[in-house]
Every structure is written in structure tokens, then in C-alpha cells.
Amino acid sequence: MSNLNHLFSGLGTTVFTVMSELAAKHDAINLGQGFPDVDGPEAVRRHAAGLLLDGPNQYAAMTGMPELRKAVAADNLRHYGLDIDWQSEVLVTSGATEALTVCLMGMLNPGDEVVMIEPFYDCYLPLVERAGAVAKIVSLMPPEWELPEAQLRAAFSNKTKLVLLNSPMNPTGKVFTRPELELIAGLIEEFDAYAICDEVYEHLIFDDHKHIPLMTLPGMRERCLRIGSAGKTFSLTGWKVGYISGSSSLLSTIAKAHQYVIFCTPPALQHAIAYGLENCGEFYKTLAAELQGKRDFLKSTLEGLGLKVLPVDGTYFLTADITPFGFEGTDYDFCKFITEKARVGAIPTSVFYHPETPNVPHNLVRFCFCKRDEVLSEAAQRLQQHLR
Ligand code: PMP
Ligand code: GLN
């Protein structure tokens, strides 16, 4: 193994696969890996099915089909007032994961520094490090996940190339506020840097919170790459259709990475997502309202068992503090325990911290609540039966 790539040969299998396999082995309800158990709009799926039969079924345009690029540009205008040129400022990717990969490959040189706010999504660190860049970590801590201004400022230097920002944030469920975004934007300008904005949960927001793309702040239009995912917006996570919106001066180089990583995304899926963006806006509005109810149900279930549930403003995920429950062991032990004994799977939050961060919390567990009500009820019953 040692003559293979040092970084990847030293990594374990992603926690989502590990915990999903453990859940399957114990016939557990999988509240670990984040995916809905109801597929997105039937009209979108029918649209794709028709195109799979009738075509097009050959390579699509490298930067994405015009129909989808136009729909993404129109969506930027409709939701955020962003005027995006569909021809030069939208790149269609195979999921947000590919979008993140090609943005990092296209922008980073060895030795560049990347400001990363943890806990962060699990692919971020390996991709940044594989590009030869240096992660400068800013730690958010429970229960409020406040952005620590001094630590953020200290993470910037004249080597800072970009900030990797995820809002609404996985795994915390935090939605960054305007003052926090203004702080980040000010530092980006001061240090002449860029931002890759992972906004895959842009439409899955609760209560009266509002998603504000960093790109809409003064001075940020040319410095931000905004990433969306049809998987999240339309509950079709297996489709892996993503899109990047941003200045052509950045996107033209990122497309050079994309052309050699994947070249293009299945045309039927692109076309169907274009249809969804244009016709199915009600779907994700309803979805957000439904998810809010599911969050509240799971929250009251877990609180009833003595766990403390942290505030959640968006995403599929809720974080519970297991300390009050008196479990002896780490968050990982707890997830293993409930998967094996109560047959309900979850994800330990500590995996989303940098391995060298001091004082990583080991008392937090991430539960995914985008499941049918009867599935959540069954999970609640199992937890009540085994944890009481
Ligand atoms: N970013 C975040 C924050 C995510 O949670 C996920 C996965 N759900 C992704 C990116 C990857 O999205 P996709 O499935 O579109 O690749
Ligand atoms: N984003 C999903 C999560 O956080 C997992 C996606 C994956 O398994 N790669 O649960």
C-alpha cells in the first residue's frame, strides 16, 4: 500500500458507508447517512424516464446542457436576485461532490491555505490536502456553534487562497447570519481571497431563518463559487446532479478540471432537473415545512429520553448531546450501541472535526430526520424501549 498515494492509502472508509453497513447488518433504521426515504417529484422522474427511452443518451455538452444552465441561472435570479450569465457562469457537475472537487482542483496550488470551518463535511479535508493545500481550521463548538471572530481572523494570511463555507451547515444545522457572512466577506476582501460556497441545503431551512448566499454580499459576486445539488433540492440524492454558479474568470479554469474528471453528467437527468427547477418550486417549499415537523418530532422524542437537542435551523440533521443521558463512552460508541441494541443508526459528530483539533466534543450525535413519519415513529419507539 505504501507506494500508492499516501493520503488515500492512509484513509479509512467514509463514515457514511461504515455506519450504513452497520445499520444494514443489524436491520436498524438508518438515521445516519443523509438521504430521504421518499423520492422527489414524480413529474421530474417521469421526465427523465421518457428521455432515457427517447434520448438524448449520448455525451452532453461539457459545461452542461443549455436547458439546465439556463434554469440554474434563472433560479439564481428568482431566489437571490443574482444576475448569472447562463453561458459562461454556470457549470453542471455530477453532484456537489464533483463540484467541490473541481473547484478545489481548479483553484488551488500546492502551499495555498484554505480557511475551513469545522465540523465540516467529510470529503472537504482529503480534497484540500490532495490538492497540496494547507487547511487553516476555525472551530465551531456546541451548543451555539458561534463563529469565533478572533480565530477566524487568525486563520487568514497572505497565503489564503479561499474559504470553504457550508451554509446551511452539515452536520450542525447552522444557517450563517448576515453579520457572520459580512465578517467572512470583509476578510476575503482584505486578504484578496475567494470562497467556495457549499449551499446544497439552500432550500431546506426552518422557522423564520433565511439562506443568504455569500455571493450576494457587496464585493463577493466575483469572488464566490456557489454550489447547489439537485439531490438535496429534489430528494433525488442518487442522481448526483450538481451545479456551480460563479464568475467566468474562475469557472473557465474550473471547467478544465471538470472536462478531465467527468466531462459531462447524464443528459436525461440534467434535462429533468431543468424541468424541476422551472416547474416544481412548490416541492422544496413543502419539503422544508415537512422537514421542520420531522425535526420537532425527533427533537421531542430525544428530549423525552433525556438527551439535549441543539438548535437546528436547516438541513436534514439534528445534533443531540448525549451527556445528560449518562452513557459511558464516546459518540462513536453510542452510535454503535444504539445501532446494535435499539436498531437505530446515527453518526458521531466528532468525525467531522480535524484530527488535530484540541478538545473535540465526543458527546454529540447526528440524527437524520428526512424519513417518513411512520419510520421516525418506529425509531422513536425502539429508542424509548432500549434507552429508558
Ligand atoms: N456538501 C454537503 C454539505 C453535503 O451534505 C453533501 C451530501 N449530502 C454534499 C456536499 C454532496 O452532495 P452530492 O450528493 O450532490 O454530491
Ligand atoms: N451528505 C450525506 C450525509 O452527510 C452523505 C453523502 C454520502 O454518503 N456521500 O449524510
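Whatever comes next refers back to the structure up there.
Residues numbered from 1 in each chain as written. Chains lettered and ligands numbered in written order. Predicted model: local features only at pLDDT ≥ 70, side-chain atom pairs only at ≥ 80, totals over all residues. Heavy atoms only, no water.

What follows concerns helix H11 (residues 267-279). Between its terminal C-alpha atoms H11 stretches 18 Å, which fits the 18 Å expected from 13 residues at 1.5 Å a residue. Along H11, the residues classified as buried are Pro267, Ala268, Leu269, Gln270, Ala272, Ile273, Ala274, Gly276 and Leu277. Residues of H11 that are buried sit in contact with helix H3 (42-54), helix H4 (66-80), strand E2 (90-93), helix H9 (230-233), strand E8 (242-246) and helix H12 (281-304). (Helix = DSSP H or I, 4+ residues; strand = E, 2+ residues; numbered from the N terminus. Expected span 1.5 Å × (residues − 1). Buried < 20%, exposed > 50% of the residue type's maximum accessible area, 1.4 Å probe, protein only. Contact = heavy atoms within 4.5 Å.)

This part takes up the site of ligand 2. Every residue close to ligand 2 is listed here: Phe16, Gln33, Gly34, Tyr121, Asn170, Phe317 and Arg366. The side chain of arginine 366 places a nitrogen or oxygen atom 2.7 Å from an oxygen atom of ligand 2. Surface burial for ligand 2 is 79%, taken as the share of its 300 Å² of free accessible area covered by protein chains. Among the residues forming the shell around ligand 2, the class breakdown is three nonpolar, three polar and one charged. (Near = heavy atom within 4 Å. Polar contact = N/O pair within 3.5 Å; in protein donor to acceptor, adjacent residues only side chain to side chain. Areas by Shrake-Rupley, 256 points an atom, 1.4 Å probe, with all protein chains shown as cover. Nonpolar A, V, L, I, M, F, W, Y, C, P; charged D, E, K, R; others polar.)

What follows covers the site of ligand 1. All residues adjacent to ligand 1 are Gly95, Ala96, Thr97, Tyr121, Asn166, Asn170, Asp198, Val200, Tyr201, Ser229, Lys232 and Lys240. In this structure, an oxygen atom belonging to ligand 1 sits 2.8 Å away from a side-chain N or O atom of serine 229. Calculation on ligand 1 without its partners gives an accessible area of 400 Å², and the protein chains cover 93% of this total. At three residues, the largest contribution of residues to the shell around ligand 1 is made by helix H5 (residues 95-107). Split into classes, the residues belonging to the shell around ligand 1 amount to four nonpolar, five polar and three charged.

Closest axis-to-axis distance for the helix H13 (residues 331-342)/helix H14 (residues 373-387) pair is 10 Å, and the angle between their directions is 100 degrees. Judged by the inter-axis angle, H13 sits roughly perpendicular to H14. Along the contact surface, H13 presents Phe334, Phe337, Ile338, Lys341 and Ala342, while H14 presents Arg382, Leu383, His386 and Leu387. (Axes fitted to C-alpha atoms, helices over the stretch in contact; angles between N-to-C directions. Parallel < 35°, antiparallel > 145°, perpendicular 65-115°, else oblique.)

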